[in-house]
Amino acid sequence: MASLPTHNVQAYSDFVDEIVDQMSFDAPTSVGWKNFLKRQTVPDDPQLFANSSKDPLDKTIGHAAVLSRAMLLLRVATGSALHLIRSAGVSGDKLEFWWSQLGLNRGLWDGSKDRSELLDMWDDIAVLFDDIKTFRASVPTADQTFQMMGSKIPQVVSGLGGCERVAIWSLTP
């Protein structure tokens, strides 16, 4: 079994320094990554990471496991794409032709949307999580299947299953 970073803090710190130093980041970016990876920026893992390691066949948490894994993969992919876009010197304004039509066509908003309003889409997600809490409180645990969620709260399945929001947030600096 691999040892945890907390078992040998200095060895882990040296390992992080070595890896980040090989990335040729500018000084502020390098410091930011080192602080993040050494848990100086945020000491606790987001729930997303914990859920991604759960058994997807577990009826009580399987949906969160699958969604978490999908979100993590999408975030890595869009982060890589954003890096390429920035390296090419393309700004968020030059991508408006893409994200404005994507949001409109996928039903995320009606009419036009200003780039400064894109983070407002988080409010839609908060409502969906409230719907999940209500569902989980009203349906016996043994009956909480993905099929039942689809029939009882289809807006949640549709809303959380459509990862266009992540792409728009991630690719629109």
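The preceding data block contains the structure.
Remember, predicted model here, so these are calculated numbers, not experimental data.

Parameters at a glance
Residues numbered from 1 in each chain as written. Predicted model: local features only at pLDDT ≥ 70, side-chain atom pairs only at ≥ 80, totals over all residues. Heavy atoms only, no water. Axes fitted to C-alpha atoms, helices over the stretch in contact; angles between N-to-C directions. Helix = DSSP H or I, 4+ residues; strand = E, 2+ residues; numbered from the N terminus. Parallel < 35°, antiparallel > 145°, perpendicular 65-115°, else oblique. Left-handed = near helix turned anticlockwise from the far one by under 90°. Contact = heavy atoms within 4.5 Å. Nonpolar A, V, L, I, M, F, W, Y, C, P; charged D, E, K, R; others polar. Polar contact = N/O pair within 3.5 Å; in protein donor to acceptor, adjacent residues only side chain to side chain. Core = buried A, V, L, I, M, F, W, Y, C linked by side-chain atoms within 4.5 Å. Buried < 20%, exposed > 50% of the residue type's maximum accessible area, 1.4 Å probe, protein only.

(A) Representation of the packing of helix α6 (residues 121-138) against helix α8 (residues 154-161). Packing of α6 against α8 leaves a shortest axis separation of 10 Å and a crossing angle of 135°. In terms of orientation, α6 and α8 fall into the oblique class. In the crossing of α6 with α8, the sense of the turn from one axis to the other is left-handed. Contact residues: α6 offers Ile125, Leu128, Phe129, Asp131 and Ile132, while α8 offers Gln155, Val156, Gly159 and Leu160. Across the contact of α6 with α8, the residue classes tally to six nonpolar, two polar and one charged.

(B) Fine view of the packing of helix α1 (residues 9-21) against helix α2 (residues 27-37). Running from N to C, α1 and α2 cross one another at 150°; their axes reach a closest spacing of 10 Å. In the crossing of α1 with α2, the sense of the turn from one axis to the other is right-handed. Facing Tyr12, Val16, Asp17, Val20 and Asp21 of α1, the residues of α2 in contact are Ser30, Trp33, Lys34 and Leu37. Along the lines of polarity and charge, the residues of the contact of α1 with α2 split into five nonpolar, one polar and three charged.

(C) How the structure looks around the environment of Asp131. Its place among the elements puts Asp131 in helix α6. Each C-alpha atom of the pair Asp131 and Lys152 lies 9.9 Å from the other, and the pair is 21 residues apart in sequence. Only 3.0 Å separates the side chain of Asp131 from the side chain of Gln155, close enough to count as a polar contact.

(D) Representation of the nonpolar core within the structure. Among the nonpolar cores identified, the biggest contains 20 residues, and Trp109, Leu118, Met121, Val156 and Ile168 are the most heavily contacted of them. Those elements that provide at least two residues to this core are α4 (62-87), α6, α8 and α9 (164-171). Looking at this core element by element, the count peaks at five residues for α6.

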